[in-house]
Protein chains: 8
Amino acid sequence: MKKKKIKQTSELEDLGFAKIDHHRVKRKGFAEVIFCPGKTNNQIAAIFKKLAKKKNTVIATRATPENFKAVAKAFRKAVYHKEARIISLINLKQFPNSKSKKTKRMICVITAGTADIPVAEEAAVTTELLGNTTDRIYDVGVAGIHRLFNKLDRISQASVIIVIAGMEGALASVVAGLVQVPVIAVPTSIGYGASFKGLSALLTMMNSCAPGVAVVNIDNGFGAGVMAHTILGGK
Amino acid sequence: MKKKKIKQTSELEDLGFAKIDHHRVKRKGFAEVIFCPGKTNNQIAAIFKKLAKKKNTVIATRATPENFKAVAKAFRKAVYHKEARIISLINLKQFPNSKSKKTKRMICVITAGTADIPVAEEAAVTTELLGNTTDRIYDVGVAGIHRLFNKLDRISQASVIIVIAGMEGALASVVAGLVQVPVIAVPTSIGYGASFKGLSALLTMMNSCAPGVAVVNIDNGFGAGVMAHTILGGK
Amino acid sequence: MKKKKIKQTSELEDLGFAKIDHHRVKRKGFAEVIFCPGKTNNQIAAIFKKLAKKKNTVIATRATPENFKAVAKAFRKAVYHKEARIISLINLKQFPNSKSKKTKRMICVITAGTADIPVAEEAAVTTELLGNTTDRIYDVGVAGIHRLFNKLDRISQASVIIVIAGMEGALASVVAGLVQVPVIAVPTSIGYGASFKGLSALLTMMNSCAPGVAVVNIDNGFGAGVMAHTILGGK
Amino acid sequence: MKKKKIKQTSELEDLGFAKIDHHRVKRKGFAEVIFCPGKTNNQIAAIFKKLAKKKNTVIATRATPENFKAVAKAFRKAVYHKEARIISLINLKQFPNSKSKKTKRMICVITAGTADIPVAEEAAVTTELLGNTTDRIYDVGVAGIHRLFNKLDRISQASVIIVIAGMEGALASVVAGLVQVPVIAVPTSIGYGASFKGLSALLTMMNSCAPGVAVVNIDNGFGAGVMAHTILGGK
Amino acid sequence: MKKKKIKQTSELEDLGFAKIDHHRVKRKGFAEVIFCPGKTNNQIAAIFKKLAKKKNTVIATRATPENFKAVAKAFRKAVYHKEARIISLINLKQFPNSKSKKTKRMICVITAGTADIPVAEEAAVTTELLGNTTDRIYDVGVAGIHRLFNKLDRISQASVIIVIAGMEGALASVVAGLVQVPVIAVPTSIGYGASFKGLSALLTMMNSCAPGVAVVNIDNGFGAGVMAHTILGGK
Amino acid sequence: MKKKKIKQTSELEDLGFAKIDHHRVKRKGFAEVIFCPGKTNNQIAAIFKKLAKKKNTVIATRATPENFKAVAKAFRKAVYHKEARIISLINLKQFPNSKSKKTKRMICVITAGTADIPVAEEAAVTTELLGNTTDRIYDVGVAGIHRLFNKLDRISQASVIIVIAGMEGALASVVAGLVQVPVIAVPTSIGYGASFKGLSALLTMMNSCAPGVAVVNIDNGFGAGVMAHTILGGK
Amino acid sequence: MKKKKIKQTSELEDLGFAKIDHHRVKRKGFAEVIFCPGKTNNQIAAIFKKLAKKKNTVIATRATPENFKAVAKAFRKAVYHKEARIISLINLKQFPNSKSKKTKRMICVITAGTADIPVAEEAAVTTELLGNTTDRIYDVGVAGIHRLFNKLDRISQASVIIVIAGMEGALASVVAGLVQVPVIAVPTSIGYGASFKGLSALLTMMNSCAPGVAVVNIDNGFGAGVMAHTILGGK
Amino acid sequence: MKKKKIKQTSELEDLGFAKIDHHRVKRKGFAEVIFCPGKTNNQIAAIFKKLAKKKNTVIATRATPENFKAVAKAFRKAVYHKEARIISLINLKQFPNSKSKKTKRMICVITAGTADIPVAEEAAVTTELLGNTTDRIYDVGVAGIHRLFNKLDRISQASVIIVIAGMEGALASVVAGLVQVPVIAVPTSIGYGASFKGLSALLTMMNSCAPGVAVVNIDNGFGAGVMAHTILGGK
């Protein structure tokens, strides 16, 4: 985790509808990420091109298959992670020694239920694209807590844990009570009735009685992935 | 659990400010209970007197020490359960065979934290005054879940379980995932920040992913106690 | 209601996207239930197969006709309860003496309006699949309260009552004031304007002034059915 | 109920901190009413004086005993309605024939509980000061609904009914389902936990499934009283 | 406004999915009204038939054109009020002298904007079907308040006023400040952003500083119409 | 309204607990203002001293009489505006030609009720201390709208209007519908029941159907004053 | 900014479904604007015609391409601003000297992200149609704040600034802290999870710690445009 | 950051009202922390004693001066951190080499305003008691953003940053946009009006458009401190 002086450089590229922040890769350790919703296929492809030209690993989140088609025309090596709804184009130079690192520090991605998996995949793929190793443990919610205890050996190998849960979102507290490493809690909009589209799980996680938990936005797998990556020291 | 024909008898006693429902003891299996807040000492004492005259066990909830003094003048055998904030006057004839029942069917009252104890006491004392046996297991919240597992032997003896928790209220789901008997969940207003005076715990419990849980109002230990008693068959 | 020692056995079957909890039938008295939304037809059919192999009665809730088609290919005896949106495959060995029990202990399912019926059917079918007898009394809301009083004889036969109401949800309090047995209140999302998708009915039921009421999630007929079953002693 | 042309006359008296609307007695049928909170004793006394000078019946709501002392110095005939928290000074000329009317048209004020009485008194005293007859029926909430049916004869005499209830506020729907006259529902802030200071009762009443109900603000006994008076034809 | 003894007669007709309350016409002064959403065409037609057989004026609200087609097959005289989304079948015997009454007591229906008209039509048609006269004044919201003042002559003829407004809902207070008759306020879900589907207008109307206002549910034109009719003395 | 290049100068003075932003007077046209709540008397006096030394007009808002005493020891010319809860120390050099400007451009401060006056005074005194002229028109809410029309001549002289209202907050829309100049709406926490401490008025104002309105925070008279001042061109 | 006496003239044109307020152009400085949602193509075209006849610049907001087609049949010079969803028909006589003014006073429209652009265009086009000059600076949100600082020269030229942001809406505070001119903040419904359709951004902007900010409704670009125009002195 | 196998050891000490979790120091890297509110002085002192006996560094949060007196009687070396409201008793053996570590990895604690300092102190003292080095940068909120840029050199030295802000809470996004290390955001209840006791800041921070931010509960300085400590690798 080397410190760098923060400079207010301004390496912007102005596409009119967007100002691409090429400086971000220096400031944050990875290039700007394209959030697809609300952008046209053409806009996504244009921004993708500009970012790829700078030899960055390019990531586009919440991408539809149509978004991918638009990108894939220009970039045959672009990959569509269907469940995670992510388009990626990897530039190995960016994370040259990620292999060796992978064996050492691992991010565990845990879900309470099956329906939480898309958010989990967004988190897991994000962390992997940023050069990290992940371990996925899905469907181990508190209704049958022995499913969780069954996996404690794998969980205890993690350097950071991402816990993803909808409905009552209780899993984050339980996990955080058992481990020594940081837990990032992601409430999901899974549930019905009084789950109020994730509000219930969000409040549960904010009020966790177990220390060592912090929360990101509802369904924000990407945010959790970046936070986990950042905790492990970024680049 | 004998069924009775429900009759619309009307054994009311009218004190002006209150209509005492003497028929309730037949209809519900126990006499009307005095909810003290918003009533003067004189009003409480007057209602107490009317209920005692009918040879009922009299219960007054959310009672202050001042409320108790007003009652104790007339009823030297009245008892003040300080932590539960309950005044009681027991009439043993009402539940003659409660002793024998006590050994068979037990209500377990569990709290997540120390600060939840007053609500738990309200629940436990209520069930005991209605003739039930209780087992109190306090401060076993999910931040250190082995504290709960440590008590599984005792918990597995219960016929009904009352789980009382504030903050994220996750304990109800965990317990309900482990047992075969009904779980009554009581959210408490304990917590700070985004607990919003019990709303967070209430939503958590409403959204429980474990089956066999139902919820009563925030801090409503009395309601949980009556529900548990009712489940065990009332009188 | 026999007590069993709770053991932390771990009879899990891992399908990758789901960890089937075969131990649940021992712990909770019935097998894991498949919540269909968010699962593909293939996933539902796969889980169904694994559960059926263990000779459990299999239940899938919130199932679409398409979900049913996928299941029916493999299980010709599977039944689709259309209004309740439940797929079931009964294994009579699981509840061998349910017949005799049926005559003794009955669950009454009451709705305030016609539009609450799908939730009521989910509750009623659930309890029946778990081996209980039910009595359905629909459309007796408080706008014409004599409709309710008209049915008091039938209601007074119940050992547990499930009250299902949307809009202002007042029926639960009225019923609980009349009976001696536990009332499980289910708010529904029926209503418009300030009903806020069931929030109004939920708050009404949480604040019930009548003792002996506990609440499950909005539209959660399944949860109410399991709670009623659990109260009657499970298996 | 005579119609009058509405004129935009401007009979204002300007006290600096308040503009007294002397025209209101012509426009609305009764003089401006003093809402005491947030006004000093001197301000209240000053406005009281200006209104009394015009030979109106003067009404001050939410008045403290201290407010009353300030007024009573100047007006020995002023009356303090303690439970209703209202100061009044009656000018009989204003409603000369209220006597005869009293026997004909009656406003029934019903509460669910004892704690709702202060709001009920505010409503009842207001209607009486405006020249109407009232019948008070207190503590007949739905937890023991036979208490209500016991009073149906008196209730059926009313021309307008005011129903006042906190907690789940279900009483308004039940009453409106039984009568032919307009029901004004007043939610109160009585209750605890998830009553959220009257929000629960307000939503219940807004969503009433019974026709012929309209709602005023939480704890707004005065507003309900004026609405009832207005329905009966004002002056 | 004749008083009648309220009897708990029970003239119910049970269709299984609905219990038709034929007694309501005696108790409330008009027959049960069919709320169409959530009912099938067949169910609507069946209930319609049962009600028509009793020689009541039949009203079905929130009806789609498809609902109407189903009804019109059996009842050629049924009318579809398109903007109000109401199906009606008038039985003139029910309100024999409504003609003469029409000239005397009028209900004024006022909207703030053009988009509020469907709710206003639901209110107006309801009152007319119940035998009242109405005057419609649309699009006179407070953004150009002279539009309202322009109509004061007509407004001052009303015996009851229904004010319908979305967005900030301020019109109800302004009207109530000008008139002597009861104002029924109907918040609508018209608006965007922070109008939160009518919540903003609802709160505005609940907090009206002008006396003589009571509020019904969001978009509830029917409820407002019945309330106005009830205020005018029902039948 | 001269434009200035915005420079990122950093004229900070660091008191440890506060970083005084002396550059603000250049950037914003007036010096930093002291928000008293949560600061000790000593802290307030210390910051006051630092700001006064720079020859600025010093303003402290939400000041208690105790806060004033602490300041007055050191600054005998400091003034306490009691109703506005503001301490001020005027430096006339800062706004040398405010006199002449006063005759030209006027800010009208209007309240709906008497209880809104403290917020209005905070707004009015703030604008005056920044060198503007104000006209106060209090207690002209929509319950008696002729009170407002009575003042239209004075209102039409204003260059900016601040409208302050609690309860339903309808006044802002009405005023904005009548004038050509910008209206700044300030919701207040005045009201009870469903006013929810200003939320009702805030939503009303946000949803204003009249163009030319923008809203500041609940009870934020200071913010409204500064906004009005800024609209008039700052210094 | 000349003051005019406000007269209560009533130049209304009544189309039944709408009352066109031709006086508004005198009172507010621009003609009534057509809000399209909830109006039919015919209604929009009819109102458009009436307004155009009066030689006003006609503006219709939230217009669909279908709405435009209906208008364009009659008005070949009508223009559809696609991204802003505005139909306009300019009448140059209305703002004869707007050219000269344009060089002097400029409105800067800033967005945090690309997805906020439609709201920004609504604001920008509105102000331009009312005769103002704008400068658009898009996609300069706080995640890369140097993008904002990069544009400070252009921003400092503005006489009024409109800041448009969704998600956390922090940009308004940052901008207001840097400039001397009024900032109008527009929260947008852009964001996901806990942005709650703009509520998060709205609250952020209401609570701005920087003085000189006022807020309009979520996504209300039109309202922001009119407010900016009004601040610059209207006509 | 060494991994340890998680064992379900059960080193509990049962005080009746509390179950002390001595195993936590092994599982989480530090001993149980005493949350004082809702506990009596005697209870706090008793738990303090039990924890101290195990040679742990003992920490009690939200402690009043009275709580401290009770503890100080038995532990003369206990320290009261007044602004942070923390009682501590350091056991240097627990973190023997914290000195050397201090020079390498630093936690920066930043506040937006002066009023946020108590929460910041709770965070800073917590991290220091756990053996970390902190740098406090207070009162650099976005209203004067150059105050923040002025400190970028110090901020860029941090390995983890805690950002504490009330009101609109925008500072977290701005900081996260500038740095490469994890940002823990703490909303505070500072603010008024529509800040709704921290809800506004909480939502702002949850919706941060800058990656690398996660949020803890309102005013939860302790939680932020532990999270920062955990990120740095715990012990």
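Here, every reference points to the structure presented above.
Notes on the structure in this doc start here.

About the criteria used
Residues numbered from 1 in each chain as written. Chains lettered and ligands numbered in written order. Predicted model: local features only at pLDDT ≥ 70, side-chain atom pairs only at ≥ 80, totals over all residues. Heavy atoms only, no water. Helix = DSSP H or I, 4+ residues; strand = E, 2+ residues; numbered from the N terminus. Contact = heavy atoms within 4.5 Å. Least-squares fit on C-alpha atoms with pLDDT ≥ 70 in both. Buried area = accessible area lost by both parts, 1.4 Å probe. Salt bridge = Lys/Arg side-chain N within 4 Å of Asp/Glu carboxyl O. Polar contact = N/O pair within 3.5 Å; in protein donor to acceptor, adjacent residues only side chain to side chain. Buried < 20%, exposed > 50% of the residue type's maximum accessible area, 1.4 Å probe, protein only. Right-handed = clockwise from strand over helix to strand, strands pointing away. Pairing = 2+ DSSP bridges. Nonpolar A, V, L, I, M, F, W, Y, C, P; charged D, E, K, R; others polar. Phe/Tyr/Trp six-rings, centres within 6.5 Å; stacked < 30°, edge-to-face > 60°. Axes fitted to C-alpha atoms, helices over the stretch in contact; angles between N-to-C directions.

Once that is clear, we can look at the side chain of Ser200(C). Here Ser200(C) shows up in helix 9 (residues 199-206). Ignoring sequence-local partners within four residues, the contact set of Ser200(C) consists of Met167(C), Glu168(C), Ala194(C), Ser195(C), Leu203(D), Thr204(D) and Asn207(D).

It takes a turn of 180° to lay chain H on chain A, together with a shift of 0.0 Å along the axis; the resulting RMSD is 0.0 Å. Here the symmetry operator amounts to a two-fold rotation axis. Both copies contact each other with a shared surface, as 100% of the interface residues of chain H are interface residues in chain A too.

Turning next to the interface of chain H and chain A. Frequently, the measure chosen for interface size is the accessible area that the parts lose on association. If you look at the interface, chain H gives 43 residues, while chain A gives 43 residues. A buried area of about 4200 Å², summed over both sides, lies between chain H and chain A, and 58% of it is on carbon and sulfur atoms. Between chain H and chain A we count 0 salt bridges in total. Scanning the region where chain H abuts chain A turns up 5 residue pairs in polar contact (both at pLDDT 80 or more). If you list the elements that add at least two residues to the side of chain H that touches chain A, you get helix 1 (24-28), helix 7 (152-155), helix 9 (199-206), strand 11 (213-215) and helix 10 (221-231) of chain H. The element contributing the most residues to the side of chain H that touches chain A is helix 10 of chain H, with 4 residues.

Residue and element names in this part refer to chain E. Along strand 4 (residues 58-61), one buried face is formed by Val 58 and Ala 60 and the opposite face, lined by Ile 59 and Thr 61, is buried too. Note that the unit made of strand 3 (residues 34-35), helix 2 (residues 41-53) and strand 4 has a crossover that is right-handed. One ladder, built from 3 bridges, connects strand 4 with strand 6 (residues 86-89); its direction is antiparallel. In the strand pairing of strand 6, Val 58 is matched with Leu 89.

All names here are of chain G. With mixed pairing, 4 strands are arranged side by side in an open sheet as 3-4-6-5. Every interior strand has two partners, whereas the edge strands, strand 3 (34-35) and strand 5 (79-81), have only one. In this structure, strand 3 lies alongside strand 4 (residues 58-61), joined through 2 bridges in parallel fashion. Each residue of the ladder has a partner; that of Phe 35, found in strand 4, is Thr 61.

Take the interface of chain E and chain D next. At the junction of the two partners, chain E supplies 43 residues and chain D supplies 43 residues. If you look at where chain E meets chain D, you find 5 residue pairs in polar contact (both at pLDDT 80 or more). Taken together, the elements giving at least two residues each to the side of chain E that touches chain D come down to helix 1 (24-28), helix 7 (152-155), helix 9 (199-206), strand 11 (213-215) and helix 10 (221-231) of chain E. Here the side of chain E that touches chain D gets 4 residues from one element, more than from any other, and that element is helix 10 of chain E. A class-by-class count of the residues in the side of chain E that touches chain D yields 22 nonpolar, 11 polar and 10 charged.

Take the packing of aromatic side chains next. Applying the stated rule across the entire model yields 28 aromatic pairs over all chains. The interplanar angle of 15° and the centroid separation of 5.6 Å between the aromatic rings of Tyr192(A) and Phe35(C) together place this pair among those described as stacked. With Tyr192(A) in the loop between strand 10 (183-187) and helix 9 (199-206) and Phe35(C) in strand 3 (residues 34-35), the pair connects residues from two separate chains. By relative accessible area, which is 32% here, Phe35(C) ends up partly exposed.

Turning next to the sheet that holds strand 4 (residues 58-61) of chain F. Residues and elements named next belong to chain F. The sheet built from 4 strands is open, its strands ordered 3-4-6-5 with mixed pairing. Edge positions in the open sheet fall to strand 3 (34-35) and strand 5 (79-81), since each of these has one partner strand only. Against the sheet, helix 5 (residues 117-129) touches strand 4, strand 5 and strand 6 (86-89), its axis set at about 10° to strand 6.

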